[in-house]
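Okay, here's what each chain looks like letter by letter:
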Amino acid sequence: MKYECDMISDLLPLYKDGACSNASKKIIEEHLAECPACGKMLKDMIDSTIDEELVKEKNEVIDSQAKFFKRKSALAGSIVGGIFCVPILVCLIVNLATGAGLTWFFIVLAAMLVAASLIIVPLMMPKNKLFTTMTAFTASVILLLAVCSIYSRGTWFFIAAPATLFGLMMLFAPFIAYNKPVKEHLGNHKGLAIMTAYTATFALMMVCIGLCTTPKAFFPMAFSIALPLVAMAWGMFASIRYLKANALVKIGACFGSAGVCSWLMEGLIESYGAKASSLTGVTYSSNSGFASSITCIGIAALLIILGIIIGLAKGGKKNA
Ligand SMILES: [Zn+2]
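Described below are features of the structure shown in this document. (Residues numbered from 1 in each chain as written. Predicted model: local features only at pLDDT ≥ 70, side-chain atom pairs only at ≥ 80, totals over all residues. Heavy atoms only, no water.)

Quick look at the coordination of the zinc ion now. Surrounding the zinc ion are the protein donor atoms Cys 5 (SG), His 31 (NE2), Cys 35 (SG) and Cys 38 (SG), at 2.1 to 2.4 Å. Classification of the site at the zinc ion rests on its 4 donor atoms, whose angles at the metal span 97 to 115°, yielding the label tetrahedral. As a motif over one chain, the donors of the zinc ion read C-x25-H-x3-C-x2-C. Placement of the pair is Cys 5 in helix H1 (residues 2-16) and His 31 in helix H2 (residues 22-34), with a sequence separation of 26 residues. Note on accessibility: Cys 5 and His 31 belong to one class, buried. (Donors = N, O, S within 2.8 Å, 3.2 Å for Na, K, Ca; no water. Tetrahedral: all angles 85-135°; square planar, octahedral: opposite > 155°, others 65-115°. Helix = DSSP H or I, 4+ residues; strand = E, 2+ residues; numbered from the N terminus. Buried < 20%, exposed > 50% of the residue type's maximum accessible area, 1.4 Å probe, protein only.)

Listed below in structure tokens is the structure:
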């Protein structure tokens, strides 16, 4: 009997879930009719299952209530915050409309918004926390710059803001591209999107600085000298991301784009040399630059040839 009880107790969980065969079911039922110990075991099993279901149901109710209250408190917080904003907004409009400029109070306020973007935004956002926080932080920093620029009655905002945007983009773009809700839209082109964002904000910064600085003749020179630098970054990105070759060839291609682009840059600096010197009072010399470009191109050629030879040797081995 003891031996049989052990076997039956092994089968009872299956029996309880209705998962055992008809033959086993018959044996178990015959045994249960004679054995009160196994009968009690089955009863305990059924009772504990009911308890588990009750606990689960209770937790679900508590969770949904907690979510409901969280939503309500977020809504109440937004409304209260909105109400506080009204007098501030009125003061802002009056200040600007009367030509009084902005008082230092608005600088403090904008600085508080920067803090709020990092503390309150992630707390209030139910999802896409990283994206909304980074966007809110960027917007509040730009706003702070604008307020300070208006307060000091300067136009430096148009230089500071694009430069800040470029700097923050360097930092945030990878996080934004690899997280919700942007990730889904980019698919396999995250790297391309990040590089495009870098290039666009860099160009914006250069154009804004160019339009705001004097002498005007210096800007086209500075901008065209920066172009090979951008081309170099794209050349390296394309080599690493899209070139279908082994690591040696990829590194070689990176050196190659660095060499060619720095050569172009040195060429531009040299051709602008006298003109740029007369504008800035600095004498430019590019001899050392050309030497490093040639070294880069030499290393590139060496690495690419070595990479191709190794690639061919491996391919040959595979075929043999
Ligand atoms: Zn038994």
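From this point, the narrative continues.
Cis rather than trans, the peptide bond between Lys 180 and Pro 181 has omega equal to 0°. Locating Pro 181 in the fold gives a position in the loop between helix H6 (157-177) and helix H7 (183-186). With a phi angle near 55°, Asn 128 is a residue other than glycine that sits in the positive phi range. Inspection of the secondary structure puts Asn 128 in the loop between helix H4 (104-124) and helix H5 (129-151). For Asn 128, a relative accessible area of 27% puts it in the partly exposed group. Phi is positive for Arg 153, which is not a glycine, with a value near 55°. Here Arg 153 is to be found in the loop between H5 and H6. Residue classification places Arg 153 among the exposed positions, given a relative accessible area of 61%.

Further remarks concern the packing of aromatic side chains. In the structure shown here, the tally under the stated rule is 8 aromatic pairs. For the ring pair Phe 105 and Phe 106, a centre distance of 5.3 Å and an interplane angle of 70° mean the geometry is edge-to-face. Residue Phe 106 is classed as buried on the basis of its relative accessible area, which comes to 6%. With centroids separated by 5.9 Å and ring planes inclined at 85°, the aromatic side chains of Trp 234 and Phe 237 adopt a geometry described as edge-to-face. Of this pair, Trp 234 and Phe 237 are both found in helix H9 (residues 218-242), 3 residues apart, which corresponds to roughly one turn of the helix. Judged by its relative accessible area of 26%, Trp 234 is partly exposed. (Phe/Tyr/Trp six-rings, centres within 6.5 Å; stacked < 30°, edge-to-face > 60°.)

Further remarks concern the layout of surface pockets. Reported here for the largest pocket is a volume of approximately 830 Å³. Forming the boundary of the largest pocket are 28 residues, of which Gly 81, Cys 85, Leu 109, Leu 113 and Ala 116 lie nearest the centre. For the lining of the largest pocket, the element with the most residues is H4, which contributes 11 residues. Partitioned by chemical class, the residues of the lining of the largest pocket number 23 nonpolar, 5 polar and no charged. (1 Å grid on protein atoms, 1.4 Å probe; cavity = no way out; pocket = protein on both sides within 12 Å on 5 of 7 lines; lining within 4 Å. Points joined across faces, edges and corners; volume = space filled by probe spheres on them. Nonpolar A, V, L, I, M, F, W, Y, C, P; charged D, E, K, R; others polar.)

With that settled, the discussion passes to the packing of H4 against H5. Between H4 and H5, the least distance of the axes is 9 Å, while the angle of their chain directions is 175°. With respect to H5, the element H4 is oriented roughly antiparallel. Of the residues in H5, those touching H4 at Trp 104, Phe 106, Ile 107, Ala 110, Ala 111, Leu 113, Val 114, Ser 117, Leu 118, Val 121, Pro 122 and Leu 123 are Lys 129, Thr 132, Thr 133, Ala 136, Phe 137, Ser 140, Val 141, Leu 143, Leu 144, Val 147, Cys 148 and Tyr 151. Taken together, the residues that form the contact of H4 with H5 break down as 19 nonpolar, 4 polar and 1 charged. (Axes fitted to C-alpha atoms, helices over the stretch in contact; angles between N-to-C directions. Parallel < 35°, antiparallel > 145°, perpendicular 65-115°, else oblique. Contact = heavy atoms within 4.5 Å.)

Together, Trp 104, Phe 105, Val 108, Met 112 and Tyr 151 give the surface a local cluster of nonpolar side chains, amounting to about 540 Å² of exposed area. With 4 residues, H4 is the largest single contributor of residues to the nonpolar patch. If you trace the backbone, Tyr 151 turns up in helix H5. (Patch = residues over 30% accessible without salt bridge, like charges linked within 9 Å, V, L, I, M, F, W, Y side chains within 5 Å. Areas by Shrake-Rupley, 256 points an atom, 1.4 Å probe, with all protein chains shown as cover. Salt bridge = Lys/Arg side-chain N within 4 Å of Asp/Glu carboxyl O.)

This brings us to a positive patch on the surface. Together, Lys 67, Lys 70, Arg 71, Lys 72 and Lys 129 give the surface a local cluster of positive charge. When residues of the positive patch are assigned to their parent elements, the largest contribution, 4 residues, is made by helix H3 (residues 36-97). Owing to a relative accessible area of 57%, Lys 67 belongs among the exposed residues under this scheme. (Lys, Arg positive; Asp, Glu negative; His and termini not counted. Charge placed at Lys NZ, Arg CZ, Asp CG, Glu CD.)

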